[in-house]
Amino acid sequence: ESLRQVLSGFGGKQLLVMIWHPSLMQLMDHFHLHRPPLVWPSLGTTLAKYYVRKEADALFVDFEGASSADFVTEKVTGALNAGTPLVCVNVLPEQERDYVSLDIRAKTG
């Protein structure tokens, strides 16, 4: 509701949303008593898409670590300079950053 209130009207407002996810890198991180609202995978960017009038009114970008830092910085800076009302950066958790995806087929025996 806060997102809807900020983006409603014709005030020329801009909103930068950074979604941070808790990482599960330590054993204790797996023993939360409740599920935090921004646990990976997050619905934040999906839900935020419903609060803009058209696709050009928002930028949704995933920060995937050091390999995408320059790209994300360029996109966010460009969107803010262009006056895009909603800029949403989804910062992937540590275990999802800077990895190489391999599609392999292995035979044993």
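Visitor: How should I be thinking about a nonpolar patch on the surface in this particular structure?
Guide: A grouping of L16, M18, W20 and L80 is seen on the molecular surface, where their side chains present a nonpolar patch of about 390 Å² in accessible area. Sorting elements by how many residues they give to the nonpolar patch places strand β1 (residues 15–20) first, with three residues. Tracing the chain through its elements places W20 in strand β1. For W20, a relative accessible area of 54% gives the class exposed.

Visitor: How should I be thinking about the pairing of strand β2 (residues 58–63) in this particular structure?
Guide: Looking down a regular strand, the side chains alternate between one sheet face and the other. Where β2 and strand β3 (residues 86–91) come together, six bridges link them in parallel fashion. By the bridge assignment for β3, D62 is matched with N90. For the crossover from β2 across helix α3 (residues 69–82) to β3, the handedness is right-handed.

Visitor: Could you clarify how one ought to interpret the pairing of β3 in this entry?
Guide: Counting buried positions along β3 yields six of six residues, so the element is predominantly enclosed. Burial along β3 is two-sided: the residues L86, C88 and N90 and V87, V89 and V91 are all buried.

Visitor: Hey, could you run me through the environment of T45 in this one?
Guide: Structurally, T45 is set in helix α2 (residues 44–48). For T45, a relative accessible area of 15% corresponds to the buried category. Distance in space between the C-alpha atoms of T45 and L59 is 9.9 Å, their sequence separation being 14 residues. Residues contacting T45, with those up to four places away along its chain left out, are I19, F60, C88 and N90.

Procedures and definitions
Residues numbered from 1 in each chain as written. Predicted model: local features only at pLDDT ≥ 70, side-chain atom pairs only at ≥ 80, totals over all residues. Heavy atoms only, no water. Patch = residues over 30% accessible without salt bridge, like charges linked within 9 Å, V, L, I, M, F, W, Y side chains within 5 Å. Areas by Shrake-Rupley, 256 points an atom, 1.4 Å probe, with all protein chains shown as cover. Salt bridge = Lys/Arg side-chain N within 4 Å of Asp/Glu carboxyl O. Helix = DSSP H or I, 4+ residues; strand = E, 2+ residues; numbered from the N terminus. Buried < 20%, exposed > 50% of the residue type's maximum accessible area, 1.4 Å probe, protein only. Pairing = 2+ DSSP bridges. Right-handed = clockwise from strand over helix to strand, strands pointing away. Contact = heavy atoms within 4.5 Å.

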